[in-house]
Amino acid sequence: MSFPVERPRRLRQSPALRRLVAETRLHPADLILPVFVREGIHQPQPIGSMPGVVQHSMDSLLDVAREVVAEGLGGIMIFGVPRDKDAVGSGADDPDGILNQALAQVRDVVGDDTVVMADLCLDEFTDHGHCGVLDDRGAVDNDATLERYAAMALAQADAGAHVLGLSGMMDGQIGYVREALDAAGHVDTVLLAYAAKYASAFYGPFREAVDSSLVGDRKTYQQDPANLTESLREVRLDLAEGADLVMVKPALPYLDVVRAVAEVSDVPVSAYQVSGEYAQIEAAAAHGWIERERAALEALTSIRRAGAQQVLTYYALDVPRWLS
Ligand code: PBG
C-alpha cells in the first residue's frame, strides 16, 4: 500500500487555482451571434423550437446589433427571411431584398466596430427550399447555382458585409465567388467557407426559424455524418480556392472533425453550434434536467478546446453576462 506521489487534485482545490491552470477560455470576441430578420414584421416573432431566439424586425435587429458591439462580440451573422420566395431565389441578390437591406442597415449602425457577416445560400429564398437552383429533373444544379451565388455575393458585398458565409456546399463555390468579387473590386471581402457541413438533423429548429419550405433533404450536397476524410478534402479544396476562414458544422457532435480540421488548416477554424444543439440544451433545461448556463458554457468550452477559434452560437449574448 502506497499513497500517490502524483496528485493532480492539488491543482483543482480552489477556484483560483482552477482558473490559473485553465487551458481554454471563452471570450466574447471569439463568439459570433447568428440572427434572423424577417421581412414585413414590426414586432419580433418568437421561434417555438428555439426559446429565447426570435425572428427580428428591422428595428429589433438594429438594437441587437448595437448590443453585439456593446458586449464586444466577434461578429453578427445575418440570415434573411423573405416574404416572397421563387424557384431561383430572386430576393437573395435584390439590393432591396430583406437580407441585403439588413446588411446595409446593420453595417451603417455598427461600422467597423464588429464584423458583419452574411449567410450566402439560397435556401431561405427559394420556394422549394433547396440551397441552389434545380435542373429540369428537379436535382440541384451545381454550376447554375454558382452563378446565383456570385450575384448574391456582389449584392452582399455592395451592401457592406465584411464576411460572406458560403453555406450551400456547392462544388467550387469559394473559387467562383472569389473571382466574381475580385473582378468587381471587392478584393477585401472575406470568405468564410462552411467547408465541412454535414446533412444534419440538428438543423431542425433552423427550418422553423427561416420558414423553410424544404421537402426532402440536402444529402446530395451536404456531407454524410459517417465521413471524416471527406471533410479534409472539402477543406483542402476550399483553402486552394481562397477561403479565408473554414467552418465545421454542426459543432458538438463533430468535435473530432473540428480537431482534424484544426490540425491541417492554416487559416482560422470556426464551428457552428447549430439550432438543434441549442434546442437540446433549452429543452432539457426547461424540464430541470440539466443546468442551462453550465451546459451551454461546457459545450462552448469543448468546441473551443477541440480547436475552433470562433464559435457561432445563439448563446453569444448570454456568455458575457455569464462570465462576468
Ligand atoms: C443554410 C444554413 C442552414 C443553417 C445555416 N445555414 C440550414 C441547412 O443547411 O439546412 C443551419 C443553422 C442552424 O441549424 O442553426 N442556409
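All of these numbers come straight from a predicted model, not from anything done at the bench. (Residues numbered from 1 in each chain as written. Predicted model: local features only at pLDDT ≥ 70, side-chain atom pairs only at ≥ 80, totals over all residues.)

**Student:** Lay out the overall build of the chain in plain terms, naming residues and giving numbers.
**Tutor:** Counting its secondary structure elements, the chain contains 11 helices and 10 strands. Relative to a compact globule of 324 residues, whose C-alpha radius of gyration would be 20 Å, the chain shows 20 Å and is just as compact. Overall size of the chain, expressed as C-alpha extent along the three principal axes, is 75 × 45 × 40 Å. Within the chain, contacts between residues at least 6 apart in sequence are counted, and of these 74% link residues at least 24 apart. (Helix = DSSP H or I, 4+ residues; strand = E, 2+ residues; numbered from the N terminus. Rg over C-alpha atoms; globule rule 2.2 N^0.38 Å. Contact = placed C-beta atoms within 7 Å.)

**Student:** Give me the lowdown on the confidence of the model for the chain, citing residues and values where you can.
**Tutor:** Within the chain, residue pLDDT values average 97, and 100% of them lie at 70 or more. Predicted as a complex, the structure gets a pTM of 0.97 and an ipTM equal to 0.97. (pLDDT = per-residue confidence, 0-100.)

**Student:** Before we move on, can you summarise the site of the ligand with the specific residues and values?
**Tutor:** Neighbouring residues of the ligand: Asp119, Cys121, Asp123, Cys131, Ser167, Tyr203, Phe206, Arg218, Val274 and Ser275. Here the shell around the ligand is composed, by residue class, of 5 nonpolar, 2 polar and 3 charged. (Near = placed C-beta within 6 Å. Nonpolar A, V, L, I, M, F, W, Y, C, P; charged D, E, K, R; others polar.)

**Student:** An account of the packing of helix H4 (residues 142-159) against helix H5 (residues 173-183) is needed here, citing residue identities and associated values.
**Tutor:** One can describe the packing of H4 onto H5 by two numbers: an axis separation of 9 Å at closest approach and a directional angle of 50°. As the angle between them shows, H4 and H5 are arranged oblique. You can see that H4 and H5 cross each other, and the crossing is right-handed. Residues Leu146, Tyr149, Ala150, Ala153, Leu154 and Ala157 of H4 touch H5, and the partners they reach there are Gln173, Tyr176, Val177, Ala180 and Leu181. Here the contact of H4 with H5 is composed, by residue class, of 10 nonpolar, 1 polar and no charged. (Axes fitted to C-alpha atoms, helices over the stretch in contact; angles between N-to-C directions. Parallel < 35°, antiparallel > 145°, perpendicular 65-115°, else oblique. Left-handed = near helix turned anticlockwise from the far one by under 90°.)

**Student:** Can you explain the nonpolar core? Please cite residues and give values.
**Tutor:** Ile76, Ile78, Ala193 and Val258 are the most contacted members of the largest nonpolar core, which has 99 residues in total. Per element, the largest residue contribution to this core is 8 residues, and it comes from H4. Once residues lying within four places of it in the same chain are set aside, the contact partners of Ile78 are Val35, Val37, Leu99, Ala102, Leu103, Val106, Met117, Ala118 and Asp119. (Core = buried A, V, L, I, M, F, W, Y, C linked by C-beta atoms within 7 Å. Buried ≥ 20, exposed ≤ 12 C-beta atoms within 10 Å, placed from the backbone.)

**Student:** Describe the packing of helix H8 (residues 255-264) against helix H10 (residues 292-306), with residues and values.
**Tutor:** Relative to each other, H8 and H10 sit at 35°, their axes nearing to 8 Å. Only Ser302, Ile303 and Ala306 of H10 make contact with H8, whose side of the interface consists of Leu255, Val258 and Arg259. Of the residues belonging to the contact of H8 with H10, the class tally is 4 nonpolar, 1 polar and 1 charged.

**Student:** Tell me about the pairing of strand S8 (residues 245-249), residues and numbers included.
**Tutor:** Burial runs high along S8: 5 of the 5 residues are buried. Taken together, the 4 bridges between strand S7 (residues 190-197) and S8 define a ladder with parallel strand orientation. The partner of Ala193 across the bridge, within S8, is Val246. Tracing the backbone out of S8, into H8 and back to the parallel element strand S9 (residues 269-272) gives a crossover that is right-handed. (Pairing = 2+ DSSP bridges. Right-handed = clockwise from strand over helix to strand, strands pointing away.)

**Student:** Outline unusual backbone geometry, listing residues and values.
**Tutor:** The step from Lys249 to Pro250 runs through a cis peptide bond, and the omega angle for that step is -10°. Within the secondary structure, Pro250 is located in the loop between S8 and H8. Even without being glycine, Met169 reaches a positive phi, approximately 60°. Among the secondary structure elements, Met169 is positioned in the loop between strand S6 (163-166) and H5. With a phi close to 50°, Asp211 is a non-glycine residue in the positive phi region. Take Asp211: it is sitting in the loop between helix H6 (204-209) and helix H7 (229-241). Classification of Asp211 by C-beta neighbours within 10 Å gives partly exposed; the count is 17.

**Student:** Which residues make up helix H9 (residues 275-286), and what are the values?
**Tutor:** Taking 1.5 Å of rise per residue, 12 residues should cover 16 Å, and H9 covers 16 Å from first to last C-alpha, within 8% of that figure. Three or more residues of H9 are buried, namely Ser275, Gly276, Glu277, Tyr278, Ala279, Ile281 and Glu282. At its buried positions, H9 is contacted by H6 and H10. Positive phi shows up at Gly288, right after H9, with a value of about 75°. (Expected span 1.5 Å × (residues − 1).)

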